[in-house]
Amino acid sequence: MTDSELVEETIVFVKEILRDAEGGHDWFHIQRVFNNTLLIAKKEKVNLLVVSLGALLHDIADAKFHDGDETIGPKMARDFLNSLEVSEETINHVVSIIEHVSFKSTLGKGSYKGKRFNTLELQVVQDADRLDALGAIGIARAFNYGGFKNRSLYNPDIPPKLKMTKAEYKKSNGPTLNHFYEKLLLLKDKMNTVTGRELAEERHYYMIDFLKQFYKEWNPLAQKNPPME
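Residues numbered from 1 in each chain as written. Predicted model: local features only at pLDDT ≥ 70, side-chain atom pairs only at ≥ 80, totals over all residues. Heavy atoms only, no water.

Trainee: Explain the overall build of the protein residue by residue, including any values.
Mentor: Scanning the protein for helices and strands turns up 10 helices and zero strands. When the elements of the protein are put in sequence order from the N terminus, they spell out α-α-α-α-α-α-α-α-α-α. On C-alpha atoms alone, the protein measures out to a radius of gyration of 18 Å, which is about the 17 Å that the 2.2 N^0.38 rule sets for 229 residues. Considered along the principal axes of its C-alpha atoms, the protein spans approximately 65 × 35 × 35 Å. Summed over all atoms, the accessible surface of the protein reaches about 12200 Å², with 51% contributed by carbon and sulfur. (Helix = DSSP H or I, 4+ residues; strand = E, 2+ residues; numbered from the N terminus. Rg over C-alpha atoms; globule rule 2.2 N^0.38 Å. Areas by Shrake-Rupley, 256 points an atom, 1.4 Å probe, with all protein chains shown as cover.)

Trainee: Please give an account of the nonpolar core that cites residues and values.
Mentor: Leu57, Leu81 and Phe180 are the most contacted members of the largest nonpolar core, which has 55 residues in total. For this core, the leading source of residues is helix α3 (residues 48-57), giving seven residues. Dropping the residues within four chain positions of it, Phe180 is found in contact with Ile139, Ala142, Phe143, Leu185, Met207, Phe210 and Leu211. (Core = buried A, V, L, I, M, F, W, Y, C linked by side-chain atoms within 4.5 Å. Buried < 20%, exposed > 50% of the residue type's maximum accessible area, 1.4 Å probe, protein only. Contact = heavy atoms within 4.5 Å.)

Trainee: Break down the side chain of Asp129 for me, with residues and values.
Mentor: Summarising the element assignment, Asp129 is placed in helix α6 (residues 120-131). Buried Asp129, no salt bridge; nearest opposite-charge side chain is Arg141, N-O distance 5.2 Å. Only 3.4 Å separates the side chain of Asp129 from the side chain of His29, close enough to count as a polar contact. The contact partners of Asp129, leaving out residues within four places of it in the chain, are His29, Val33, His58 and Val101. (Lys, Arg positive; Asp, Glu negative; His and termini not counted. Salt bridge = Lys/Arg side-chain N within 4 Å of Asp/Glu carboxyl O. Polar contact = N/O pair within 3.5 Å; in protein donor to acceptor, adjacent residues only side chain to side chain.)

Trainee: Run through helix α1 (residues 3-17), naming residues and quoting values.
Mentor: Taking 1.5 Å of rise per residue, 15 residues should cover 21 Å, and α1 covers 21 Å from first to last C-alpha, within 8% of that figure. Of all the residues in α1, the buried ones are Leu6, Val7, Thr10, Ile11 and Val14. Looking straight down α1, one finds that the buried residues subtend no more than 140° of arc, so they occupy a single side. For α1, the secondary structure elements touched by its buried residues are α2 (27-41), α3 and α4 (72-83). (Expected span 1.5 Å × (residues − 1). Arc of directions from axis to C-beta.)

Trainee: Give a description of the packing of aromatic side chains that names residues and reports values.
Mentor: For the coordinates displayed, the defined rule picks out 11 aromatic pairs. For the ring pair Phe214 and Tyr215, a centre distance of 6.0 Å and an interplane angle of 90° mean the geometry is edge-to-face. By relative accessible area, Tyr215 is classed as buried at 3%. Aromatic rings pair up to connect Phe143, Tyr154, Phe180, Phe210, Phe214, Tyr215 and Trp218 into one cluster. We note Lys64 situated over the ring of Tyr145; from NZ or CZ to the ring centre the distance is 5.8 Å. (Phe/Tyr/Trp six-rings, centres within 6.5 Å; stacked < 30°, edge-to-face > 60°. Lys NZ or Arg CZ within 6 Å of the ring centre and 35° of its normal.)

Trainee: Give me the pattern of salt bridges: which residues, what numbers.
Mentor: Opposite charge on two side chains makes pairing possible when the charged atoms of those side chains draw close. Applying the stated criterion to the full structure yields seven salt bridges. Two residues, Glu16 and Arg19, come together in a salt bridge whose shortest N-O distance is 3.3 Å. We note a salt bridge from Asp62 to Lys64, for which the minimum N-O separation is 2.9 Å. Judged by its relative accessible area of 11%, Asp62 falls in the buried class. Residue Lys64 is classed as partly exposed on the basis of its relative accessible area of 38%. One connected set of salt bridges, linked through shared partners, spans Arg32, Asp132 and Arg141.

Right, dumping it as structure tokens:
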């Protein structure tokens, strides 16, 4: 099977797996991350098959939708790739990307189950995934997931929890606006690649403008609004 055929088979598989997924983590999220990955990869010397498969399979079983179990996604990906007779080297690389791509994996010890892993392929997929959490799409996804979990939009009496550990982050259930401070506004400075940083810059400041407008509408009588960053 050629690389392009592997990618096409993977697309079909992921579309089926995520057919009824929450709107911020559905096939269209995967498609955007895949496209971002290909865009960033143009300027990086990476294994294109590895980053393509990593992007397509990175969220097939997001732990937040599986009682926090981080092992389901990597296992599903490994089983699927084995069924296509992908090389063991490629499978191991793709699975490691899935295990380490998330924001929460950078908290605390910054590792998955005590294992450290870092390749340029991971960095490219990670940047592509982070870009989808920024800008207009990032705002839409944040509030879509907040609605899915029945969280309040904003509560001035519940401040964001900064510098959380991975365990604390996974248990967090605060208002959606807190998520901007706990994750989204931090992503710009965590980008790995030049292209990723350039794309993140514009999206970051779009979110800043959104927050300014949000606070202005929330309380037009306020003398001082919360800091943006």
